[in-house]
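# Fold and contact review
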Amino acid sequence: MTSTPAPLACQRDLFSIPADHCYLNSAFMGPLPKPVEQAGARALLARASPIGMAAQDFFVPAERTRKLCAQLVNADPERVAFIPTVAYAAAIVAKNLHPQAGQNVVLLGDMFPSNVYAWRNWRSSGVEMRTVAAPLAPWSSPSLDSTRAALWNAAVLAAIDANTALVAVEPAHWTDGTLFDLENIGRRCREVGAVFVVDATQTVGAMPFDVQRVQPDVLMVHSYKSMLSNYGLGFAVFSDRFLDASPLEESWLMRSGSENFARLVDYEDRYAPGMRRFDTSLRANPSLIAMLEAACQLLIEWQPNRIREYLLGIERRPVDRLRALGFDVADETQRCANLFGVKLPSTLDPEACRLHLAQQKIHVSVRGSAVRVAPHVYNDEADLMKLVDALEQLVCADGRGT
């Protein structure tokens, strides 16, 4: 008989966030947990005097971390590659695909650029960029089939046809947290033979992602946001489509037998097994790989499903208050928990709203006509209530309050 894991508690003590600051901006940059910070510091200290470093240090930490990254998203470690940025992974895909004139690429409207620019270069070959914009619909509604999220998902599926070469999406839209039904989108991609590319930088670690269920051709994840690691090293998962694909860089590290430094000039044409051919050489950076390893260990310990449930739990009362004040927030089944939009009344200026919050040491971002709220495990309900109190001040000053 399996036991239900205990609910996650607030992890504020593991972070160096000042007590008087309310940081709700992990979608901009996730703070480093102290174990991640310490892992990087230890690695940097060891690097300062490399007397004790050996050839195995270029490989062993990477292989440990590869397995952890795979575990985090239920993937085969042999399908995992290390990337310096999401744009790097997208460039690998673009280098190895050759869509023809008359084909199309389906994109989310206002998607983060790293999952856009690589495909736009195909326009010169007659490939159509088919951008699916967010519909003008209520963010929340008693009928979930008529909400902005539901209609947006339906529009994405409708845009995919027999001429679709590639579909590029996010699990949750980076501007407002709208959730996309990746399993249905992936199923449609497989029906028409389209390459399915997912940028999950904003969500991996903070909500479940199952490669075996979603079956993306490429999952791209930078680790400095929801994964709470450092900028410069993330990971990607490649499907069998890319088993014989060409990497961007021809690094000696990624060749078969490169662990034997004495034979490096016995040049080897074969790549290392699995998807290691796509690894960035930055995987050998001691601080970056140590921090990514430590972050993965924490997220696996906390469990992404527990993180999502914890965040939804601390958001429910604050979201009810926001709606009562006239703000619109999507229903929790249709939005991300660690990243969601608060749609402002038309009379409130978004930038003025952000500045008002910043004056009270409440850190958020503004994207379009919404305040983007991005909590994580270091936040609690009091942080979100502080946000609501500050927004209520604006509503009252605007003459909308009671």
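A short tour of the structure in this document, coming up. (Residues numbered from 1 in each chain as written. Predicted model: local features only at pLDDT ≥ 70, side-chain atom pairs only at ≥ 80, totals over all residues. Heavy atoms only, no water.)

### Some points on the overall build of the chain
Convention followed: Helix numbers and strand numbers start at the N terminus; a helix is a DSSP run of H or I with at least 4 residues, a strand a run of E with at least 2. Values of the radius of gyration come from C-alpha atoms, whereas the globule rule sets the reference at 2.2 Å times the count of residues to the power 0.38. Under the scheme applied here, a residue whose accessible area is under 20% of the maximum for its type counts as buried, over 50% as exposed, and between as partly exposed, the area being computed with a 1.4 Å probe on protein chains only. We call two residues in contact whenever any of their non-hydrogen atoms come within 4.5 Å of each other.
Secondary structure assignment for the chain yields 11 helices and 12 strands. At 22 Å, the chain has a C-alpha radius of gyration in line with the 21 Å of a compact globule built from 402 residues. Dimensions along the principal axes, computed over C-alpha positions, put the chain at roughly 80 × 55 × 50 Å. Classification of the 402 residues of the chain by burial places 54% in the buried group. Put simply, 73% of the contacts in the chain that link residues at least 6 apart link residues at least 24 apart.

### Examining the side chain of histidine 222
Checked against the element boundaries, histidine 222 lands in the loop between strand S7 (218–221) and strand S8 (234–238). Histidine 222 has contacts with Pro84, Thr85, Val86, Thr201, Asn230, Tyr231, Gly232, Leu233 and Gly234, leaving out every residue within four places of it along the chain.

### Comments concerning the packing of helix H1 (residues 34–48) against helix H8 (residues 286–302)
Filter applied, for reference: In this description, a line fitted to the C-alpha atoms serves as the axis of each element, helices being fitted only across the stretch in contact, and the angle between N-to-C directions of two axes falls anywhere from 0 to 180 degrees. Each angle gets one of four labels, with under 35 degrees taken as roughly parallel, over 145 as roughly antiparallel, 65 to 115 as roughly perpendicular, and the rest as oblique. Two helices that cross are described as forming a left-handed crossing if the nearer one is turned anticlockwise from the farther one by less than a right angle, and a right-handed crossing if clockwise.
Taken N-terminus to C-terminus, the directions of H1 and H8 make an angle of 155°; their axes are 8 Å apart at the nearest point. Regarding the angle of H1 to H8, the classification is roughly antiparallel. By crossing handedness, the relation of H1 to H8 is classed as right-handed. Between H1 and H8, the contacting residues are Pro35, Val36, Ala39, Gly40, Ala43, Leu44 and Arg47 on the first element and Pro286, Ser287, Ala290, Met291, Ala294, Ala295 and Leu298 on the second.

### Re the pairing of strand S3 (residues 104–108)
The condition that has to hold: Each pair of strands is called paired provided DSSP finds at least two bridges between the two strands.
Most of S3 sits inside the fold, with 5 of its 5 residues counted as buried. Alternating positions in S3 separate into two faces, Asn104, Val106 and Leu108 on one and Val105 and Leu107 on the other, with burial throughout. Relative to strand S4 (residues 128–132), S3 runs parallel, the two sharing 5 bridges. For valine 105, the partnering residue across the bridge sits in S4 and is methionine 129. Bridging between S3 and strand S5 (residues 164–169) involves 4 bridges; their strand directions are parallel. Pairing of valine 105 across the sheet is with leucine 166, part of S5.

### Remarks on the pattern of salt bridges
Convention followed: What makes a salt bridge here is a side-chain nitrogen of Lys or Arg within 4 Å of a carboxyl oxygen of Asp or Glu, nothing more.
Under the defined criterion, the tally for this structure stands at 25 salt bridges. A salt bridge links aspartate 279 to arginine 66; the nearest nitrogen and oxygen atoms lie 2.8 Å apart. Here arginine 66 lies in helix H2 (residues 60–73) and aspartate 279 lies in the loop between S8 and H8, a separation of 213 residues in the sequence. What makes aspartate 279 buried here is its relative accessible area of 0%. Assessed through its relative accessible area of 1%, arginine 66 is described here as buried. Residue arginine 283 pairs with aspartate 279 through a salt bridge whose shortest N-O separation is 2.7 Å. Exposure class is identical for arginine 283 and aspartate 279. Each is buried.

### Examining the side chain of arginine 276
Here arginine 276 lies in the loop between S8 and H8. Not counting chain neighbours up to four residues away, the residues in contact with arginine 276 comprise Glu63, Arg66, Glu78 and Met254.

### A word on the environment of aspartate 13
Among the secondary structure elements, aspartate 13 is positioned in the segment before strand S1 (22–23). When the C-alpha atoms of aspartate 13 and lysine 34 are compared, they prove to be 8.8 Å apart, with 21 residues separating the residues in sequence.

### A word on the sheet that holds S5
The strands that make up a sheet pair up through hydrogen bonds in the backbone, lying either parallel or antiparallel. Strands sit in the order S2-S8-S7-S6-S5-S3-S4 across an open sheet of 7 strands; the sheet is mixed. Each edge of the sheet is formed by a strand with only one pairing partner; in this case those strands are strand S2 (80–83) and S4. Averaged over all neighbouring strand pairs, the angle between strand axes comes to 20°, with direction disregarded. Inspection of the sheet shows S5 paired to strand S6 (residues 195–199) by 4 bridges, in the parallel sense.

### Details of the sheet that holds strand S11 (residues 365–367)
An order of S9-S12-S11 is seen for the 3 strands of this open sheet, with the pairing classed as antiparallel. The open sheet has two edge strands with one neighbour each: strand S9 (340–343) and S11. For this sheet the average axis-to-axis angle between neighbouring strands, irrespective of direction, equals 40°. Summarising the sheet, S9 and strand S12 (residues 370–373) pair through 4 bridges and their orientation is antiparallel. Within S12, the position partnered with lysine 343 by the bridge is alanine 370.

### Details of the pairing of S8
Of all the 5 residues making up S8, 5 are buried; the element is thus mostly covered by neighbouring parts of the structure. Alternating positions in S8 separate into two faces, Gly234, Ala236 and Phe238 on one and Phe235 and Val237 on the other, with burial throughout. Of the pairings in the sheet, the one linking S2 to S8 comprises 4 bridges and is antiparallel in character. Its bridge partner being in S8, alanine 81 is matched across the sheet by alanine 236. As paired strands, S7 and S8 are joined by 4 bridges and run antiparallel to one another.

### Brief notes about the packing of aromatic side chains
In plain terms, the rule: Think of it this way: a Phe, Tyr or Trp ring, Trp meaning its six-membered ring, pairs with another when their centres are within 6.5 Å, and the plane angle makes it stacked under 30 degrees, edge-to-face over 60, tilted otherwise. Only when the NZ of Lys or the CZ of Arg is both within 6 Å of the ring centre and within 35 degrees of the ring normal is a charge said to sit over the ring.
On inspection of all chains with the given rule, the structure shows 12 aromatic pairs. The interplanar angle of 65° and the centroid separation of 6.4 Å between the aromatic rings of phenylalanine 59 and phenylalanine 261 together place this pair among those described as edge-to-face. Of this pair, phenylalanine 59 sits in the loop between H1 and H2 while phenylalanine 261 sits in the loop between S8 and H8, and the two are 202 residues apart along the sequence. Assessed through its relative accessible area of 8%, phenylalanine 59 is described here as buried. Take phenylalanine 261: its relative accessible area is 32%, and that puts it in the partly exposed class. Centroid distance tryptophan 119 to tryptophan 122: 5.4 Å. Interplanar angle 40°. Geometry classified as tilted. Taken together, the ring pairs in this structure connect Phe58, Phe59, Trp252 and Phe261 into an aromatic cluster. A cation over a ring is seen here: arginine 335 above phenylalanine 340, with NZ or CZ 4.9 Å from the ring centre.

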